[in-house]
Every structure is written in structure tokens, then in C-alpha cells.
Amino acid sequence: VISDGVQSDDLESSKGNRTVEKVIGQKFTYCGKLRYYFLGSSEENKVQDTFYGQKKSVSIGLGYFANDKITTELSDTSEFSFSRDLVNAELSVALNSFRLLAEYFEFGGDIVNLDETDKEEILGNSYGGYVSTEYVLHKGAPYIGFEYLNRHRELKTYTLGLNYYLLHYKNTFHFEYKLFHS
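First, a word on scope: everything that follows refers to the structure included in this document. From a predicted model like this one, the values you see are computed outputs, not experimental measurements.

**Things to note about the side chain of glutamate 90**
Then step 1. Relative to the helices and strands, glutamate 90 resides in strand E5 (residues 79-95).
Then step 2. The exposure class assigned to glutamate 90 is buried, which follows from its relative accessible area of 12%.
Then step 3. Reaching out from glutamate 90, the side chain makes a polar contact with the side chain of asparagine 88 at a distance of 3.2 Å.

This is how it looks when you write it as C-alpha cells:
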């Protein structure tokens, strides 16, 4: 996959007053992703699909995404250049009515504080992941989830919900409760 990288609203500083106003230039983002199926195949399974309790699939995926140079203009009109990368691992399991999705990621080149002068203080690393399970009971599917993000402070999210599928699974009603903890 090749893309044009990031937009200025993707580049938020978690501390300090200076902000990214715009992206002046960047190299292409390059990445690769491998997925191995222990059960099922890529031709018949969309990895993030629910399968509505009708398929069996077990797979793992590994990915790497990088942009070697992003040049930005900051709110004080100065320029700042940096690189960033992302490594992730995914697990996808669908066994009849049971569905589990999980991912872990590490993100390098995350903007921490643009008010600093030392590049090691301006940039940092983030990491996190999620796990979500669903169990399909005819047209209803209760689910639970947990998300974790450490972006220079911890954020945890707990989710409890219900999907209700109508018209041969083409329409979904979605009810959920989320609890945030930092």
C-alpha cells in the first residue's frame, strides 16, 4: 500500500501550546501487511466482518507502516520535520456464533510537546490495543470490548453492547455503553 501519509488534523500535540497548522510536505507512506489463515481463507473472509455466526475463520496479521519525512508548519510559523512508524499485530477468530477481534500496536514519532526544543522531548512513542468479542444469537449479538491506549497518559475504555441485525444482516441497530478511565 502506498498513500499520501498524514493530514494536519492527524498531528496533535498532547502537551504544550504550539500546534501543527499544516503539512508542508511529506514522502509517501509505505507499508506492508501479512495475514496467515489457520482456518478459512482470504477469498471467503473479510477480516473485520462479523460473519453473523455463519463462518469459521482464524487468522493473525502483522503490519508495518512508515513515513520517513513529514515537514509541518507550526502555529508560530516555524517548521518542524520528523518521521513516524507503526507496527501492529492482529488476531481474528470466528467460530460459528463466537467472534473475537484483537490488535496491539506500537507507534513511533508521536508528537508529545511542540513547545520543547530537543527532538527527543518533542517526539515519543505510543502503544495500545483492543480486544472485542461478540456472540450471535439469531438476530441479536451481545458484545464486550476493552481498549487501551498509552499516549503519554493511560486511557482505558470498557464497552458493553448489543447489535441487532435486520433484513438478512443488511441493517444493524447498535446499542452500547462505554466506560472511560484515565
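**Overview of the pattern of salt bridges**
Then step 1. As enumerated under the stated definition, the model contains seven salt bridges in all.
Then step 2. For aspartate 76, the salt bridge is made with arginine 18, and the minimal N-O distance between the two is 2.8 Å. Here aspartate 76 is found in the loop between strand E4 (56-74) and E5, whereas its partner arginine 18 is found in the loop between strand E1 (2-3) and strand E2 (20-26), with 58 residues between them in sequence.
Then step 3. Under the relative-accessibility criterion, aspartate 76 is labelled partly exposed at 38%.
Then step 4. Taken together, the shared-partner salt bridges connect Lys33, Arg35 and Glu90 into one network.

**Considering the nonpolar core**
Then step 1. Among the nonpolar cores identified, the biggest contains eleven residues, and these are Val6, Leu11, Val20, Ile70, Leu74, Phe80, Phe82, Ile111, Leu114, Ile122 and Leu123.
Then step 2. Where this core is concerned, the elements lending two or more residues are E4 and E5.

**As for the side chain of asparagine 88**
Then step 1. Structurally, the position occupied by asparagine 88 is in strand E5.
Then step 2. The exposure class assigned to asparagine 88 is buried, which follows from its relative accessible area of 4%.
Then step 3. Of note is the side chain of asparagine 88, whose polar atom sits 2.8 Å from the side chain of glutamate 103.

**Some details on the environment of valine 23**
Then step 1. Position of valine 23 among the secondary structure elements: in strand E2.
Then step 2. Valine 23 gets classed as partly exposed once you look at its relative accessible area, which sits at 23%.
Then step 3. Considered as a pair, valine 23 and threonine 72 are 49 residues apart in the sequence and their alpha carbons are 4.4 Å apart.

**Remarks on unusual backbone geometry**
Then step 1. Phi is positive for asparagine 96, close to 55°, though the residue is something other than glycine.
Then step 2. Secondary-structure assignment places asparagine 96 in the loop between E5 and strand E6 (98-111).
Then step 3. Looking at asparagine 96, the relative accessible area reads 42%, which means it is partly exposed.
Then step 4. A positive phi is found at histidine 152, a non-glycine position, where the angle reads about 70°.
Then step 5. With respect to the helices and strands, the residue histidine 152 is situated in the loop between strand E8 (140-150) and strand E9 (154-166).
Then step 6. Accessibility expressed as a relative area gives 25% for histidine 152, which makes it partly exposed.

**Here's the deal with the pairing of E9**
Then step 1. Judged from the eleven bridges that link them, E8 and E9 form a sheet pairing that is antiparallel. Counted as the bridge partner of proline 142 is leucine 162 from E9.
Then step 2. Here E8 folds back onto E9 in antiparallel fashion, the turn holding three residues, of which histidine 152 has a positive phi close to 70°.
Then step 3. Here E9 pairs with strand E10 (residues 171-181) via eleven bridges, running antiparallel. Residue leucine 162 lies in a different strand from E10, and its bridge partner there is phenylalanine 175.

**Examining the packing of aromatic side chains**
Then step 1. Summed over the entire model, instances satisfying the criterion amount to four aromatic pairs.
Then step 2. For the pair phenylalanine 80 and phenylalanine 82, a centre-to-centre distance of 5.4 Å together with 20° between the ring planes defines the contact as stacked. The same class applies to phenylalanine 80 as to phenylalanine 82, namely buried.
Then step 3. Judged by centre distance (6.1 Å) and plane angle (40°), the ring pair of tyrosine 127 and tyrosine 148 falls under tilted. Of this pair, tyrosine 127 sits in strand E7 (residues 123-135) while tyrosine 148 is found in strand E8, placing the two residues 21 residues apart along the sequence.
Then step 4. Residue classification places tyrosine 148 among the buried positions, given a relative accessible area of 18%.

Calculation notes
Residues numbered from 1 in each chain as written. Predicted model: local features only at pLDDT ≥ 70, side-chain atom pairs only at ≥ 80, totals over all residues. Heavy atoms only, no water. Helix = DSSP H or I, 4+ residues; strand = E, 2+ residues; numbered from the N terminus. Buried < 20%, exposed > 50% of the residue type's maximum accessible area, 1.4 Å probe, protein only. Polar contact = N/O pair within 3.5 Å; in protein donor to acceptor, adjacent residues only side chain to side chain. Salt bridge = Lys/Arg side-chain N within 4 Å of Asp/Glu carboxyl O. Core = buried A, V, L, I, M, F, W, Y, C linked by side-chain atoms within 4.5 Å. Pairing = 2+ DSSP bridges. Phe/Tyr/Trp six-rings, centres within 6.5 Å; stacked < 30°, edge-to-face > 60°.

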